[in-house]
Structures are given as C-alpha cells and as structure tokens.
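Take a look at the letters that make up each chain.
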Amino acid sequence: MTPLEAITKIINDKKERRTYPFCALISSVRPLCNLSDAEFTKEIERLKTAGIIVERQTVNSVSYYLDGKT
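All values reported here derive from a predicted model rather than from experimental measurement.

## Let's talk about unusual backbone geometry
Following Tyr 20, the chain continues to Pro 21 via a peptide bond in cis, the omega torsion being -5°. Within the fold, Pro 21 resides in the loop between helix H1 (3-17) and strand S1 (24-25). Phi angles above zero are rare outside glycine, and Arg 18 is one such case at about 55°. Structurally, the position occupied by Arg 18 is in the loop between H1 and S1.

Dropping the structure here:
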C-alpha cells in the first residue's frame, strides 16, 4: 500500500466512526506501507510538496492530513 492510500484509508475510517481529529499518525501509516524508510520518507516529501497532504507535529509524533484544497 502506498503512503497516500494508507493515509486516505485511515482518515476515511475515522470519518466513518466520527473519530476526531481526521488525521493519520505516522505510527499507523508506516506499518501499512511496504517501503524502505528512505522510500517512505521520499514519498511523504513528494506528497507534501505536491500539496496533497499536510504534515503536522504532535506532542510525541507526526500526523498527516489530506489537504482539502486538492
């Protein structure tokens, strides 16, 4: 599964359950992706640069949001 597919799946599941916030933590996304650490980081950077996702720092982790402008 690609990082975008994993993020979208997690966020859609949260929306269905009405569990806020509608974001995906890196600790939930990373295990779903069959990529090396370098490939995962490169793909996340590409998605951020393209404006598809937004990355936000949490207290203990990193969360990803789908950018509503796309």
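## Quick look at H1
Look at H1: 21 Å from first C-alpha to last across 15 residues, which is about the 21 Å you get at 1.5 Å a residue. Considered for burial, the residues of H1 that qualify are Pro 3, Ala 6, Ile 7, Ile 10, Ile 11 and Lys 14. Down the axis of H1, the smallest arc covering the buried residues is 120°, so these residues share one side. Next to the buried residues of H1 lie S1, helix H2 (26-29), helix H3 (37-49), strand S2 (53-57) and strand S3 (62-66). Just downstream of H1 lies Arg 18, where phi reads positive at about 55°.

## Brief notes about the pattern of salt bridges
For the structure on display, the rule yields five salt bridges. Its salt-bridge partner being Glu 45, residue Lys 48 comes within 2.9 Å of it at the nearest N-O pair. Placement of the pair is Lys 48 and Glu 45 together in helix H3, with a separation of three residues, close to one helical turn. In this structure, Lys 48 and Glu 55 form a salt bridge, with 3.3 Å as the shortest nitrogen-oxygen distance. Overall, Lys 48 belongs to the partly exposed group, its relative accessible area being 25%. A relative accessible area of 34% places Glu 55 in the partly exposed class. Beyond isolated ion pairs, a larger network of salt bridges with shared partners links Glu 45, Lys 48 and Glu 55.

## What about the pairing of S3?
As defined by bridge partners, S1 adjoins S3 across two bridges and the pair is classed as antiparallel. Bridge assignment links Ala 24 to a residue of S3, and that residue is Tyr 64. Bridging between S2 and S3 involves five bridges; their strand directions are antiparallel. Each residue of the ladder has a partner; that of Gln 57, found in S3, is Val 62.

Conventions we followed
Residues numbered from 1 in each chain as written. Predicted model: local features only at pLDDT ≥ 70, side-chain atom pairs only at ≥ 80, totals over all residues. Heavy atoms only, no water. Helix = DSSP H or I, 4+ residues; strand = E, 2+ residues; numbered from the N terminus. Expected span 1.5 Å × (residues − 1). Buried < 20%, exposed > 50% of the residue type's maximum accessible area, 1.4 Å probe, protein only. Arc of directions from axis to C-beta. Contact = heavy atoms within 4.5 Å. Salt bridge = Lys/Arg side-chain N within 4 Å of Asp/Glu carboxyl O. Pairing = 2+ DSSP bridges.

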